[in-house]
Amino acid sequence: YPHVSIEFCTACKWNLRAAWYAQELLSTFSTELGEVSMIPGSGGTFIVRLTPNADADEIVIWNRKDKKGFPDSKDLKRLARDILFPTRDLGHVDLHAKEE
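Bear in mind that the values here come from a model prediction, so they are computed numbers and not experimental data.

Engineer: Give a detailed account of the packing of aromatic side chains, specifying residues and quantitative values.
Structural biologist: What the rule picks out here adds up to six aromatic pairs. Considering the side-chain rings of Trp14 and Phe70, the 5.0 Å spacing of their centres and the 85 degrees angle between planes classify their relative orientation as edge-to-face. Placement of Trp14 in the loop between strand S1 (3-9) and helix H1 (15-29) and of Phe70 in the loop between helix H2 (64-67) and helix H3 (73-84) is noted, with a sequence separation of 56 residues between them. Exposure remark for Phe70: the relative accessible area of 26% places this residue in the partly exposed category. With centroids separated by 5.5 Å and ring planes inclined at 35 degrees, the aromatic side chains of Phe29 and Phe85 adopt a geometry described as tilted. A residue pair is termed long-range when its members are at least 10 positions apart, and Phe29 in helix H1 and Phe85 in the loop between H3 and helix H4 (92-99) qualify at 56 residues. In this structure Phe29 comes out as buried when scored by relative accessible area, which is 0%.

Printed below as a string of structure tokens:
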């Protein structure tokens, strides 16, 4: 099963944000994910990584420093879906994407 990790800066107090993203991913992908982990970090870090399977390399799908901020939950779900489950319909999240 795929693994998602969220590394966050503890000094910036981003633990609740990381937990919220973890909850959003778990509620959307439920039993399709093998694990969602939160990794305490420092230096303003906020990085979301995916490992599609045991044989695959880790993929960074969001780095706050590179992207200059945080993703909307719908964008994070789309990024994860596009890599892990490209044919999966995200329902209302995909409907909003078509309207944009």
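Engineer: Summarise the nonpolar core; cite the residues concerned and give the values.
Structural biologist: The biggest cluster of nonpolar side chains holds 22 residues, and the ones touching the most others in it are Ile6, Phe46 and Val48. At the level of secondary structure, the elements contributing two or more residues to this core comprise S1, H1, strand S3 (46-51), strand S4 (59-63) and H3. The element that contributes the greatest number of residues to this core is H1, accounting for five residues.

Engineer: Which residues make up the side chain of Glu7, and what values go with them?
Structural biologist: Within the secondary structure layout, Glu7 lies in strand S1. If we ignore the near neighbours within four places in the chain, the residues touching Glu7 are Ile39, Gly41, Thr45, Phe46, Ile47 and Arg49.

Engineer: Give a detailed account of unusual backbone geometry, specifying residues and quantitative values.
Structural biologist: In this structure, Lys13 takes a positive phi of about 60 degrees despite not being glycine. Mapped onto the elements, Lys13 comes out in the loop between S1 and H1. A relative accessible area of 64% means that Lys13 is categorised as exposed. The phi torsion at Ser30 lies on the positive side, around 25 degrees, for a residue other than glycine. Of note, Ser30 is situated in the loop between H1 and strand S2 (35-41).

The rules we used
Residues numbered from 1 in each chain as written. Predicted model: local features only at pLDDT ≥ 70, side-chain atom pairs only at ≥ 80, totals over all residues. Heavy atoms only, no water. Phe/Tyr/Trp six-rings, centres within 6.5 Å; stacked < 30°, edge-to-face > 60°. Helix = DSSP H or I, 4+ residues; strand = E, 2+ residues; numbered from the N terminus. Buried < 20%, exposed > 50% of the residue type's maximum accessible area, 1.4 Å probe, protein only. Core = buried A, V, L, I, M, F, W, Y, C linked by side-chain atoms within 4.5 Å. Contact = heavy atoms within 4.5 Å.

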